[in-house]
Structure formats: C-alpha cells, structure tokens
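# Close look at the chain arrangement
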Amino acid sequence: MLNFKELEGYNFQKNVHCFQQGDLLIGYDVNSGSIHLLDEETFTILKTLESLYSTEGHLSQEALARELRLAGNLPNNETVSEILAELEELRQEGTLFSREPEKIAAVYPEKPIVKAICLHVAHDCNLRCEYCFAGTGAFGGSRTLMDLETGKRGIDFVLAASRHRNHCEVDFFGGEPLINFGVVKALVDYGKKAARAQNKTIKFTLTTNGVLLNEAIQNFLEEEEISVVLSLDGRPEIHDRMRPHADGRGSYGEVVPRIQQFTSLRPKTSPYAIGTYYYVRGTYTHFNCDFDRDVLHMADLGIRQISVEPVVAGPQDPYAFQEGDLAEIYDAYDRLGEEILERQAQGRGFNFFHFNVALDNGPCLPKRLSGCGAGHEYVAVSPEGDLYPCHQFVGQEAFKLGSLYNQDPLDLKADLVQEFRAANIYAKPACQDCWARFSCSGGCHAANTAFTQKLTEVYELGCKLQRKRLEVALYVKIKGIQQNRDEL
Amino acid sequence: MAKHIQTVVKANLSATVKTGGCGNCQTSCQSACKTSCTVGNQVCVK
C-alpha cells in the first residue's frame, strides 16, 4: 500500500509527469529520470493524486478514495489496492515519487574555464534570410570578415582559457563562414598544430547555408573531420520564402544538391552529435506550422539527421508565431512522432534531433542544471576580436565580455561572467515547478533575454514547445524500445 | 512482473550529483539557431 505519510508535502506536479501520447499512458519520474508505462486505472489514480496536490496541497488515502468515488466509473477497491502496492514498490526503489536532490551550488574557479568558442569568421552572408537573428549576416554592424590574426588569437585564447581541459571546441560561424573559407582553412591548420603542441585536441564544427559548399570544400571538411551543420528549411516554397538571395531568388535549387552530396559522405553520423557528424537544420515559422511536412521532405531527400526548430521572433515580425498556432504545432509534433515510428518499422528511419533523448546515459545533473555554459564555458568572437557570451549576443554592447586585443584576453568582465554562471534553473522562478526542467536547463539565454530582458525569466512559448517536444520524444523512445523487443 | 505498471527505463539521475560534473562533455547550445547539441540531446561521455 502506498505510504502516504512518506509523500507528505511531496510536490506531485513538479516531480511526476503523467501524460498520454498516442496510445501510451506514460509516467515520467523527473528526479530519477525513470519512465513507466501505466494502465488506465493507474493513470487515473496518478492524475487524481496530481489534482489533489494542486487543489489541497497534500495527499492522503482518504482524499484519494473520496475523489475516486466522486468521479465514478473507477477501479474497484481490489484494483486500487493492487495499484497502490505497485506504486509503493516503485517509491521504495526510487523510480517514482523520487525526491529532488538538495540544491547543489556549482563551484567555479575565479577565472572561467572556457573550452569552446564560436568564431564569427564572416559577418556577411550570401543569403538574406528573413528571420536571421544576425541581421542578415552583419549582426547590426558593417559587413566584415575576420582576419587570420584575429582567428589565431581566438584559437590561442581557447587553448589557454580551457586550462587543464584537453578537449576544446571551435565552431566556424557567421554570417556565412564559407565566404571566408581561406581563413577557415588556415585556422584549422593552425589550430591543429597549436593544440598538438599543448597535448590538446580541438573539435571543429562549421555551420553553413550550403551555397558555396563545392566539392573541394566538401573534401576539405571530410579530410579534416570537421562536423557540419547545414541549413535547409524543407519544402522548396517554404525554404525559398525565408531563405532568398539578396536579389530575391530562392536558394533551394542550389543548396539541395550540395547538401545531398555532402550528407551522403557521412552515412554513419551519430544522432547524438558524437564524433564527426552532420546535421541538416531548418527553422519553422508561422508560415509553416505544419513543419512535419518539411521534415519528411528532407527525409525524402535522403537526409538522415534532421533538426527543424521554432523561430524566435518578436511580435512585430510577420513570421512570428501567433497564439492560435500552438495547437497546429502540437499536431505537427504528434504526426511527426508517428511518421518516424512508421518509417523506423519499415527500415527507413531518420533522426529528428529534438526527439533524441538519451534515456539512461544522458548528461549528469550538474550539466543539466547549468545548461549551455554561455558566458563562462563558451564564448563567441566577433570578426573584430570582441568576446560575447554566445553567438546570439554578438554585437550587443551590454554583453561584451572582453576582447582578444585586450592586454589580457583571459580577463573577462567578471560581473557578466558571474551573471551567466548564476542563471541556472534554480535562479529561474518559472523552472522551479516545471517537470521538464532537467531536460531543457532553463532554455536559451538569448531567447529569454530577448523576450523578458532578464536572464532569469523564461521565454514562455519556448517552454511550451520544449515540453511538447519532450513528451513526443519520450513516446517515440518508448515505442522504439518496444519495437526492438518485438524484433528480438 | 507488475500487473498495472511496466517500468521502461530505470534511472537514477539524482545520483549523478555525486558522480557527475566532470565538464568533459561537449558544449551544448539551447538555441534554435545552432544545432551543436542541446542538453536534452546529449549523452554522457564518461
């Protein structure tokens, strides 16, 4: 029998999430990360407990019995007893009703250990994407390219700022980094040699729109084992509407053959971005809330690693989501989950990035609490050598952390570093009672700041989408496990 | 085997408070603009 005394004061909504997705009734224990499949009676009992906690603030067997009676058409006493006994078993083994561990205070050295940088090698772009947060490539400034000297200083910075860490990451970003391919090439050579001299390694990634991705560049990326993120929004009309050239011409026809050619070189890419990988990513907007069709279009092009993500836009933007869009977007995630399962069963599956959750070997809790590390583990470098918390803050003077051309580039603006370090989920009121807190880490700092002007207030639409994605992700994972079992 | 509840994943995330935090994992990105890796999609490198 469930020990209600042990559950005194237990915040059900925050710690156990019960939901229906497709034909599954799922119980997710937030603090342990355990997942249970429930029958209808158990689901009813757990939802009743959840509602009791929210209305009365505590749980008891008498209150449960009363609520079940009031609702009518409910499990008989014997069934209820069986279920409560099973729930107690799970409670005792720590896989249900588990407690949140005491809040841990992250301990950081005085000077941050920066292990990853984003080099903005080009604040210029050969496309004029409507939703570009970089102001179509220039980040609110003039169109400039990073010179080799600044890039080398960036590499030296991350090798020094990473201190005892042996693995560093350097991302070539823009604008469009291939506009400055000569510098990219030289920096890969320089970075590899400089890292080797210090017994370190650098993992390089490059984010490109694909326009300039010719065979020679593809070969270079292959030979140098550089991971690549390629941009494609899906169906031709969707892509061309948002991703035109400066003269208004669409870019779909140009980029698709190049993306197909390149992705075919990496058939064994890890869906979890391990090793040298590729991802083809797109952005969906108000104009394509049925973005599942875009994902499937990309899968039909032979692309196996796909990520299509919601645009972050101000209300004045015509492509920004509107209140009525949410239901349509939820439906799209539902349809996408089912379609992925169907294709998996047919042996033509693909990975949708936001449905990838590593259920039993995901990141540790300290990592989940702190999130992306922007501003202290990760910084972005503008073409001029200025340092910012991440690529999305570049050009915003209030967020400037320092410069590669300062006397001591490692001396970052301490109060800003501290502000970013402190912006973990415990500092965000909206995250306190959210069941998805350990899977999203409080969202994107840049999106939160853009919408709320604060690092510790969240972008609510982003939260809603995150929770929906996670529900479908858990469902797809469970179904996948069931499919595999059936095949054994 | 339980009659009403089937455990699909038995995990102990809370315990990683003590065992985790090595900092060797890939940097994650929570934003919509860059798919380097978001926390929810990562695996532990340990």
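Residues numbered from 1 in each chain as written. Chains lettered and ligands numbered in written order. Predicted model: local features only at pLDDT ≥ 70, side-chain atom pairs only at ≥ 80, totals over all residues. Heavy atoms only, no water.

Per an unreviewed UniProt entry, chain B goes by Six-cysteine peptide SCIFF and derives from Desulfosporosinus acididurans.

Per an unreviewed UniProt entry, chain A goes by the name Radical SAM core domain-containing protein and belongs to Desulfosporosinus acididurans. Note on chain A: under the UniProt heading Cofactor (unreviewed entry), the record states "[4Fe-4S] cluster". (UniProt positions renumbered as here; feature names shortened; annotations may be inferred.)

Here we come to the packing of aromatic side chains. All names here are of chain A. Applying the stated criterion across every chain yields a total of 17 aromatic pairs over all chains. One aromatic cluster in this structure is built from Tyr-284, Phe-291, Phe-321, Tyr-333, Phe-352 and Phe-355. Here Arg-241 stacks its cationic end above the ring of Phe-287, 3.5 Å away from the centre of that ring. Against the face of Phe-438 rests Arg-437, its NZ or CZ located 4.8 Å from the ring centre. (Phe/Tyr/Trp six-rings, centres within 6.5 Å; stacked < 30°, edge-to-face > 60°. Lys NZ or Arg CZ within 6 Å of the ring centre and 35° of its normal.)

Turning our attention to the confidence of the model for chain B. For chain B, per-residue confidence averages 76 on the pLDDT scale, and residues scoring 70 or more make up 72% of the total. As a predicted assembly, this complex carries a pTM of 0.94 together with an ipTM value of 0.88. (pLDDT = per-residue confidence, 0-100.)

Mapped onto the elements of the fold, A:Glu110 is located in the loop between helix H4 (77–93) and strand E4 (116–120). Note: C-alpha distance between A:Glu110 and A:Ala414 (304 residues apart in sequence) is 8.7 Å. (Helix = DSSP H or I, 4+ residues; strand = E, 2+ residues; numbered from the N terminus.)

Right, let's talk about the pairing of strand E13 (residues 378–381) of chain A for a bit. Looking along a regular strand, one sees the side chains alternate between the two faces of the sheet. Residue and element names in this part refer to chain A. Here E13 shows no split at all, with Tyr-378 and Ala-380 on one side and Val-379 and Val-381 on the other all buried. Taken together, the 4 bridges between E4 and E13 define a ladder with parallel strand orientation. Note that in E13 the partner of Cys-118 across the bridge is Ala-380. Of the pairings in the sheet, the one linking E13 to strand E14 (residues 386–388) comprises 2 bridges and is antiparallel in character. The residue bridging Val-381 from the neighbouring strand is Leu-387, located in E14. Where E13 folds back on E14, the antiparallel hairpin that results is connected by 4 residues, among which Gly-385 adopts a positive phi of roughly 95°. (Buried < 20%, exposed > 50% of the residue type's maximum accessible area, 1.4 Å probe, protein only. Pairing = 2+ DSSP bridges.)

Next up on the list: the sheet that holds E13(A). Residues and elements named next belong to chain A. Here 10 strands make up an open sheet; going across it, the order is E12-E11-E10-E9-E8-E7-E4-E13-E14-E15 and the pairing mixed. Each edge of the open sheet is held by one strand with a lone partner, namely strand E12 (351–352) and strand E15 (402–403). Bridge count for E4 against strand E7 (residues 167–173) is 5 bridges, and the pairing is parallel. In the strand pairing of E7, Leu-119 is matched with Phe-172. Strand contacts of helix H5 (residues 148–161): E4, E7, strand E8 (201–208), E13 and E14, with the helix running at about 170° to E4, the strand carrying the most contacts. (Contact = heavy atoms within 4.5 Å. Axes fitted to C-alpha atoms, helices over the stretch in contact; angles between N-to-C directions.)

Contact residues are listed per partner, giving 71 residues for chain A and 40 residues for chain B. Of the roughly 4800 Å² buried where chain A meets chain B, counting both sides, 56% is carbon and sulfur surface. Area buried by chain A at its contact with chain B is led by A:Glu86, A:Phe353 and A:Lys367, which between them contribute 11% of it. At the boundary of chain A and chain B, one finds 2 salt bridges. (Buried area = accessible area lost by both parts, 1.4 Å probe. Salt bridge = Lys/Arg side-chain N within 4 Å of Asp/Glu carboxyl O.)

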